[in-house]
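Spelled out, the chains give:
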Amino acid sequence: MKLPARLAVLASRRWLLWGALLLLVVALLVVLVFLAAEYEEGRDQSALEADVAATASDIRAGLLRNVQTLQSLHSVAPTAASWEAPAAELLAISRELVRLEWRDNQLNLLAWRDSPYQAGLFDMLPRQDALPDLRLACENARRLSGHAFSPSYFWPLPGGQGLELVEMCLPVVRAGKPQGYLVATYSLHGILSELTNRDLLRGRGLAFTDADGTRLALYSSVPVRRRLLVANHLIDMQGMTLVLRMESARAAYGLFPNVLTAVVGVLSLSLLAVLALLGRDIRRRQRAETELAAALAFRKAMEDSLVTGLRARDMDGRITYVNPAFCQMVGFPADQLVGSGIPAPWWPPELVDEYQQRQAVRLAGNALPREGWESVFQRSDGTRFPVLIIEAPLIDARGVQTGWMSAILDMTEQRRIEELNRASQERLQATARLATVGEMASLLSHELNQPLAAIASYTTGLINLMDQAPAEDLPPAELRQAIRRIGEQADRAGRVIRSVADFVRRREQARETVSPAALFDAIGPLIHLQAKKTAIRLHTDIAADCPAVSCDRTMVEQVLLNLARNGMQAMPDGEPPLRSGLRVLTMSARPVRPLAGTDTSAASGRLWVEFAVTDHGIGLAPEVAEKLFTPFFTTKSEGMGLGLSLCRTVIEQHGGALTHEPAQPRGTVFRFTLPAG
């Protein structure tokens, strides 16, 4: 064994012994302290989870009691005139209720009472603005023949305040005939304050959150700390799903939670002091050995890390040293190469005579070219590969030549790359112009279909309108609107031509700051007619804090238009059925901040906006999803297969990404990102 390795082994053995003893003591101390703290924290977490479950049970029980009370309300007050008095009494004792209404089967208002503790609830906005959620709850209640809740919604109040409300709809049946609905409006804050055990919440935070963690209502909170215990419990009522979140500050434990750990800690610290005194003496003796071993190890690591093959030979041509890169290059182990002479095992048999003559010239003392020379080596499996050899005399510390040191570079990959580059340049020059012309024609054919189809649709409608009535009876407003729409689509066709030309030439498109709502509104007239024909409801969801985006407006509108039409075509008649309520195409936008490590410029932390188009169609088969973005691949008889490929190219030119994934409960959602303006 060589000296550096022997020194390293002796030093490592001593340090391993002392290090193992030190680590054992430290580990024992750390484990004891950690186990004590974990036990206390686990006990507190279990208690918090039990308390939040009990609180959720209290809320459910309170809501069910209110349902029973409301069911008896119409028994004692069968008419609208007699109904208001008991309703007012119920509101006075149930602070979580902010409004009671009696509506007929068509949801027309028959009688109502507001809570005396929340006056002017509907002064800022009319009650009709909340009817869509109420209608959904009443439809669920009629289907279930019982009470049903609506999703929660935020209702603004004067002075910049607001409440998170939820509707409960209860069918009223008398003598087997429906008499309308009893509607109870709850305040989520009132539910937290009135239907929970306040003693249980002392010193704790309680809030309602959405499934994604958005806080909807807060009853109490704890000071913001790094050490918090959190427990969540799901409250699932008919039509309403909320998450009850309870927070509690963790107890501040000392370094030693109990006496046993303190005793072990003192003993451990004493032992550590003894070990420190012994280690000081050992370090003095090992310092010289460590410095020598480190210097030799650094040189060995440097030689082993090279990708260039190194080979040393003595004055007789025998191998005295090879590095791992050279062994990997020729395919022979180091112990087989060291000590071998002429002919070398990596020489091709037919070139042995030539190489021996070259070796004789070198032994005669003739100088070799400093820039090296090219040669051919043979691996152990018989394959040949070109190499570049750079060789220089090996001089020892006394200035005497003891041999030669050679650096060998494998030229295989460089030759392959040079050949590939030459062939690629020839193919690119031959096909560049043809590809540009074909791409321009395909893009124009695909993108102009949409504005030209809209122009034809508006023109046909205008002709039909003129055929149905005399010229003097034609409504000027409708004529102007149709002509204006035709002009807009003609202008859009022109902008598409200019944008496509810039797109094919890979020019920098003119970017402008556009709000997501403006992009959705621009494609609205082009998709509403198709949605109406196929009984598809369009839904737009834009986050309140969603910023504007910086983009080529025309091309991004084409992306949204393509994705929206693909989504509607994925929902043919009967798929899904109309009664399922899933014939909805949703277009949404929300701000996101990409994670570090993703492609594009995510590492910069820049704010991005994510657009999503969600359908509830039949979804994508795995074999279709693999080829979805392949140019000219299509599953439609009349399609060209360019839409999604062009969409992805447009989004990538903006620095974003276009992806897709299955939607729940069925269908597909396409997402793409654009930089915020």
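From a predicted model like this one, the values you see are computed outputs, not experimental measurements.

## A word on the pairing of strand β9 (residues 228-237)
Of the strand pairs in this sheet, β9 and strand β10 (residues 240-249) are connected by 10 bridges, and their pairing is antiparallel. When the sheet's bridge partners are listed, V230 is paired in β10 with E247. Taking the residues between adjacent antiparallel strands as the criterion, β9 and β10 are bridged by two residues, where G239 takes a positive phi near 85°.

## Re the packing of helix α11 (residues 516-533) against helix α12 (residues 553-569)
Two numbers describe how α11 lies on α12: the axes approach to 9 Å, and their chain directions differ by 35°. The way α11 lies across α12 gives a crossing that is right-handed. Here A518, L519, F520, A522, I523, L526, I527, Q530 and A531 of α11 come into contact with α12, specifically with R553, V556, E557, L560, L561, A564, R565, M568 and Q569. Of the residues belonging to the contact of α11 with α12, the class tally is 13 nonpolar, two polar and three charged.

## Some remarks on the nonpolar core
In this structure, I59, L63, W83, L100, Y186, F208 and L244 are the most contacted members of the largest nonpolar core, which totals 42 residues. Considering each element in turn, this core owes the most residues, eight residues, to helix α1 (residues 3-76). Not counting the four nearest positions on each side in its chain, L244 is found in contact with V52, T55, A56, I59, L192, L206, A207, F208, A231, N232, H233 and I235. Core analysis: the next-biggest nonpolar cluster, separate from the first, contains 38 residues, I523, C546, M571 and I651 among them.

## Here we look at the pattern of salt bridges
Using the criterion set out here, one finds 21 salt bridges in the structure. Put simply, R127 and E101 hold a salt bridge, and the shortest N to O gap is 2.9 Å. Of this pair, R127 sits in the loop between β2 (109-114) and α3 (131-144) while E101 sits in strand β1 (residues 97-103), and the two are 26 residues apart along the sequence. Here R127 matches E101 in class, with each residue buried. In this structure, E391 engages R313 in a salt bridge whose closest nitrogen and oxygen atoms are separated by 3.2 Å. Of this pair, E391 sits in strand β14 (residues 384-395) while R313 sits in strand β11 (residues 309-314), and the two are 78 residues apart along the sequence. Of the two residues examined, E391 and R313, each falls in the buried class.

## Describing the packing of α12 against helix α14 (residues 643-653)
The N-to-C vectors of α12 and α14 enclose an angle of 145°; their axes lie 10 Å apart at closest approach. Note that α12 runs across α14; the crossing there is left-handed. Each of M555, V559, N562, L563 and N566 in α12 lies in contact with α14, whose residues at this interface are G643, L644, C647, V650 and I651. Across the contact of α12 with α14, the residue classes tally to seven nonpolar, three polar and no charged.

## Focus on the environment of A360
Within the secondary structure layout, A360 lies in helix α8 (residues 352-363). With relative accessibility at 45%, the residue A360 sits in the partly exposed group. C-alpha of A360 to C-alpha of G317: the two residues are 43 residues apart in sequence and 9.7 Å apart in space.

## What about the pairing of strand β13 (residues 373-378)?
Of the strand pairs in this sheet, β13 and β14 are connected by six bridges, and their pairing is antiparallel. Looking across to β14, one finds that Q378 is bridged to R384. Counting the residues between successive antiparallel strands, the hairpin from β13 to β14 contains five residues, one of them, G382, with a positive phi of roughly 95°.

## Quick word on the environment of R198
Secondary-structure assignment places R198 in the loop between α4 (188-194) and β7 (204-209). Accessibility expressed as a relative area gives 48% for R198, which makes it partly exposed. Measuring from C-alpha to C-alpha, the distance between R198 and T55 comes to 9.7 Å, with 143 residues separating the pair along the chain. With sequence-adjacent residues up to four places away left out, R198 is seen in contact with S193 and Y219.

## A short note on the sheet that holds β9
The sheet built from four strands is open, its strands ordered β8-β7-β10-β9 with antiparallel pairing. Across the chains shown, the open sheet's two edge strands, defined by having one partner strand only, are β8 (215-220) and β9. Adjacent strand axes in the sheet meet at a mean angle of 20° when their direction is disregarded. Pairing of β7 with β10 involves six bridges; the strand directions are antiparallel. When the bridges of β10 are listed, G205 appears paired with E247.

What counts, and at which threshold
Residues numbered from 1 in each chain as written. Predicted model: local features only at pLDDT ≥ 70, side-chain atom pairs only at ≥ 80, totals over all residues. Heavy atoms only, no water. Pairing = 2+ DSSP bridges. Helix = DSSP H or I, 4+ residues; strand = E, 2+ residues; numbered from the N terminus. Axes fitted to C-alpha atoms, helices over the stretch in contact; angles between N-to-C directions. Left-handed = near helix turned anticlockwise from the far one by under 90°. Contact = heavy atoms within 4.5 Å. Nonpolar A, V, L, I, M, F, W, Y, C, P; charged D, E, K, R; others polar. Core = buried A, V, L, I, M, F, W, Y, C linked by side-chain atoms within 4.5 Å. Buried < 20%, exposed > 50% of the residue type's maximum accessible area, 1.4 Å probe, protein only. Salt bridge = Lys/Arg side-chain N within 4 Å of Asp/Glu carboxyl O.

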